[in-house]
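# Observations on chain architecture
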Amino acid sequence: MRLVLIGPPGAGKGTIAEKVAANHGLAHLSTGDMLRDAIGRGTPLGAKAKEYVDTGRLVPQEVLGEVVAEKVRQLDGFVLDGYPRSLEQAEFLAALEGVDVDAVIYVAVGEEAAVGRLRGRRVCAKCGAVTHTETAETCGNCGSGDLVARTDDRPDTLKKRYGVYMRETEPVIEYYRGRGVLREVDGTGSREEVLARVEAAIGPIAACGDDKR
Ligand code: AMP
């Protein structure tokens, strides 16, 4: 099964993608995580991407496209989280041979709720687990790392990222709706509620994949 998760910053895509991937034995491919990792390790990709990621802008397709293509071509099943984020990227993905996407899950959340979630988002400096100031003061995963805000979650960068989403990524939702692969899910409420809705939306596709085996 090949899934794409799409939604505004703060929709909870990373957490949902991770759980869905684990539930169905799929690879979780997050372009944001991939880029942060490359920046952290100081790779050539990281060096090219850093300025864009730090300022909340999209990393150019010529920098990112082939890296994503190489990864998805190697995988039988995946949950793609954070790509495509523009029509150019959607068309690029559609043109990759043997990489037909089964469904695109759109996690719909309004700006206020999305930005509210991101304001309190913290990442464990030691293990990378994501938490929220409302629910945790220490890392629930390793229990010992400092909880820090992502540089691109600062209020001004956050606003810019939301603007980029509205301008560049929203048209991608209509692109997939027009192709009949979009499944829209209400992204408000608890993590468990949203995950249950996502699982319900992909249920028929997962069952269809099981039949094929
Ligand atoms: P995320 O963790 O998905 O919020 O992504 C963090 C940042 O990584 C974004 O604000 C962009 O700068 C960059 N990024 C992630 N995915 C893409 C993409 N598909 N195209 C361009 N830039 C991306």
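To be clear, the structure that these remarks concern was listed above.
None of the values given here were measured: they were computed from a predicted structure.

Parameters and conventions
- Residues numbered from 1 in each chain as written.
- Predicted model: local features only at pLDDT ≥ 70, side-chain atom pairs only at ≥ 80, totals over all residues.
- Heavy atoms only, no water.
- Helix = DSSP H or I, 4+ residues; strand = E, 2+ residues; numbered from the N terminus.
- Rg over C-alpha atoms; globule rule 2.2 N^0.38 Å.
- Buried < 20%, exposed > 50% of the residue type's maximum accessible area, 1.4 Å probe, protein only.
- Contact = heavy atoms within 4.5 Å.
- Areas by Shrake-Rupley, 256 points an atom, 1.4 Å probe, with all protein chains shown as cover.
- Lys, Arg positive; Asp, Glu negative; His and termini not counted.
- Charge placed at Lys NZ, Arg CZ, Asp CG, Glu CD.
- Pairing = 2+ DSSP bridges.
- Axes fitted to C-alpha atoms, helices over the stretch in contact; angles between N-to-C directions.
- Near = heavy atom within 4 Å.
- Polar contact = N/O pair within 3.5 Å; in protein donor to acceptor, adjacent residues only side chain to side chain.
- Nonpolar A, V, L, I, M, F, W, Y, C, P; charged D, E, K, R; others polar.
- Arc of directions from axis to C-beta.

## So, the overall build of the protein
When you go through the protein residue by residue, the secondary structure sums to eight helices and eight strands. The C-alpha atoms of the protein give 17 Å as radius of gyration, which agrees with the globular expectation for 213 residues (17 Å, within 12%). Principal axes of the C-alpha set define a box for the protein whose edges measure 45 × 35 × 30 Å. Within the span of the protein, comprising 213 residues, buried residues form 46% of the whole. Here the contacts in the protein between residues at least 6 apart in sequence split such that 66% fall between residues at least 24 apart. Surface exposure of the protein reaches about 11100 Å², of which carbon and sulfur atoms provide 48%. A distance of 3 Å separates the average location of the 29 positive side-chain charges in the protein from that of its 33 negative side-chain charges.

## Quick word on the sheet that holds strand β6 (residues 130-132)
The strand order across the open sheet built from three strands is β6-β5-β7, with neighbouring strands paired in antiparallel fashion. The sheet is open, and its two borders are formed by β6 and β7 (147-148), each paired with just one other strand. For strand β5 (residues 121-124) and β6, the ladder comprises three bridges, and the chain directions are antiparallel. What sits directly across from R122, in β6, is T131. Strands in contact with helix α6 (residues 111-119) are β5 and β6; relative to β5, the strand with the most contacts, it is inclined by about 35°.

## Focus: the site of the ligand
Lining the immediate surroundings of the ligand are 17 residues, of which T31, R36, R57, G82 and Q89 lie closest. Here a nitrogen atom of the ligand and a side-chain polar atom of R85 are 3.0 Å apart. Here an oxygen atom of the ligand and a side-chain polar atom of R161 are 3.2 Å apart. Compared with its free state, where it exposes 480 Å², the ligand has 95% of that area covered by protein. Listing elements by their share of the shell around the ligand, those giving two or more residues are α2 (31-41) and α3 (44-54). Top contributing element to the shell around the ligand by residue count: α2, with four residues. A breakdown of the residues in the shell around the ligand according to their chemical character gives seven nonpolar, four polar and six charged.

## Focus: α6
Given 3.6 residues per turn, any residue in an α-helix points the same way as the ones three and four places further on. For α6, the set of buried residues is A114, V115 and L118. All buried residues of α6 lie within an arc of 90° about the axis, which places them on one face of the element. More than 90 degrees from the buried face of α6, the exposed residues found are E112 and R119. Considering only its buried residues, α6 is in contact with β5 and α7 (155-178).

## Notes on α2
Burial in α2 covers these residues: T31, G32, M34, L35 and A38. Down the axis of α2, the buried side of the element spans an arc of 165°, and every buried residue falls inside it. Facing away from the buried side of α2 by more than 90 degrees, the exposed set consists of G40 and R41. In this structure, the buried residues of α2 make contact with β2 (27-30), α3, α4 (61-73) and β3 (78-81). G42, located one to two residues past α2, shows a positive phi value of around 70°.

## Quick notes on the side chain of Q89
Relative to the elements of secondary structure, Q89 occurs in helix α5 (residues 87-94). Beyond its immediate chain neighbours, meaning those up to four positions away, Q89 contacts V59, Q61, Y83 and P84.

## Description of the pairing of β5
Following β5, the chain reverses through five residues before pairing antiparallel with β6; G128 in that reversal takes a positive phi of roughly 85°. In this structure, β5 lies alongside β7, joined through two bridges in antiparallel fashion. Within β7, the residue paired with C124 across the bridge is L147.

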